[in-house]
Amino acid sequence: MSIILGIDPGLRTTGFGVIEKEGAALRYIASGCVKSDARQSLPERIATLFAGVSEVIASYAPQEAAVEKVFVNVNPQSTLLLGQARGAAIAALTAGRLPVAEYTALQIKQAVVGQGKAAKEQVQHMVMRLLALAGAPQADAADALACAICHAHSGLSRMLGADAGTGENDGKTRAYRVRKGRLIG
């Protein structure tokens, strides 16, 4: 059994989703959003995201984490801000001594919907079905749950350390990426 935390980073809203994987079975644990206040300075917003993700880790004690990779936006300023939010989330995950895997939006949609160009509504619908939820989670939380589901199905879950199922970590933070179905360390 393994508890996986999925993160959909964003400066305004960072989605999180927590699932449990036991064999091939997935079970919903929790999801939601960490929100920063646009009236705060950028450093304060980054601190809010770091603290929020840290609180999720403390509350649900995941053994693994998966984060959506930043896409290159048309607006370079938006891409930089998104990258900083993603950095705050990854910093919180590594401070929590979690192994972190990264997936592109295309990989996540392919794993959850079966089609890399799926719409957000399709992702929400499949997350609902795969986790047997009564209603659709909020879009950012659904994306985070989809990221966790992608990780659970990727096979990286077993590769991120032999002790992943025990809740213990050897103290080494490992970051992994998947490129064309291959693990890259």
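Provided above is the structure to which this section pertains.
Presented here is a report on the structure given in the accompanying data block. As the structure is a computational prediction, the values presented were derived from the model and not from experiment.

Reading the values: rules and limits
- Residues numbered from 1 in each chain as written.
- Predicted model: local features only at pLDDT ≥ 70, side-chain atom pairs only at ≥ 80, totals over all residues.
- Heavy atoms only, no water.
- Helix = DSSP H or I, 4+ residues; strand = E, 2+ residues; numbered from the N terminus.
- Buried < 20%, exposed > 50% of the residue type's maximum accessible area, 1.4 Å probe, protein only.
- Contact = heavy atoms within 4.5 Å.
- Areas by Shrake-Rupley, 256 points an atom, 1.4 Å probe, with all protein chains shown as cover.
- Pairing = 2+ DSSP bridges.
- Expected span 1.5 Å × (residues − 1).
- Salt bridge = Lys/Arg side-chain N within 4 Å of Asp/Glu carboxyl O.

**Comments concerning the overall build of the protein**
Argument step 1. Along the backbone of the protein there are 6 helices and 7 strands.
Argument step 2. The N-to-C order of helical and strand elements in the protein reads β-β-β-α-β-α-β-α-α-α-α-β-β.
Argument step 3. Of all 185 residues assigned to the protein, the portion counted as buried reaches 45%.
Argument step 4. Excluding contacts between residues fewer than 6 apart, the proportion of contacts in the protein whose partners are at least 24 apart in sequence is 59%.
Argument step 5. Total accessible area computed for the protein in this model is approximately 9200 Å², and 54% of it derives from carbon and sulfur atoms.

**Section: the environment of Arg27**
Argument step 1. Relative to the helices and strands, Arg27 resides in strand β3 (residues 25-35).
Argument step 2. Taking relative accessible area as the criterion, Arg27 reaches 43% and is therefore assigned partly exposed.
Argument step 3. For the pair Arg27 and Leu131, spaced 104 residues apart in the sequence, the C-alpha separation amounts to 5.9 Å.
Argument step 4. Filtering out sequence-adjacent residues up to four positions away, Arg27 remains in contact with Val18, Ile19, Glu20 and Leu131.

**What about unusual backbone geometry?**
Argument step 1. A positive phi angle, near 60°, is found at Arg97, a position not held by glycine.
Argument step 2. Examined against the element boundaries, Arg97 turns out to sit in the loop between α2 (76-95) and β5 (100-103).
Argument step 3. Although it is not a glycine, Ala132 sits at a positive phi angle of roughly 55°.

**Let's talk about the pairing of β3**
Argument step 1. Inspection of the sheet shows strand β2 (residues 13-22) paired to β3 by 10 bridges, in the antiparallel sense. Bridge pairing in β3 links Gly15 to Cys33.
Argument step 2. Between β2 and β3, which follow one another and run antiparallel, lie 2 residues, and Gly23 among them has a positive phi close to 65°.

**A word on helix α5 (residues 139-154)**
Argument step 1. With 16 residues, α5 ought to run about 22 Å at 1.5 Å a step, and its terminal C-alpha atoms sit 22 Å apart, in line with that.
Argument step 2. When you tally the buried positions in α5, you get 13 out of 16 residues, the bulk of the element.

**Here's the deal with the pattern of salt bridges**
Pairing between side chains of opposite charge can happen when their charged atoms approach one another.
Argument step 1. Taken as a whole and judged by the stated rule, the model has 4 salt bridges.
Argument step 2. Linking Asp37 and Arg39 is a salt bridge whose minimum nitrogen-to-oxygen distance equals 2.8 Å.
Argument step 3. Of the residues examined, Asp37 reaches a relative accessible area of 28% and is grouped as partly exposed.
Argument step 4. In this structure, the salt-bridge partner of Arg86 is Glu102, at a minimum N-O distance of 2.1 Å. Highlighted residues: Arg86 in helix α2 and Glu102 in strand β5, separated in sequence by 16 residues.

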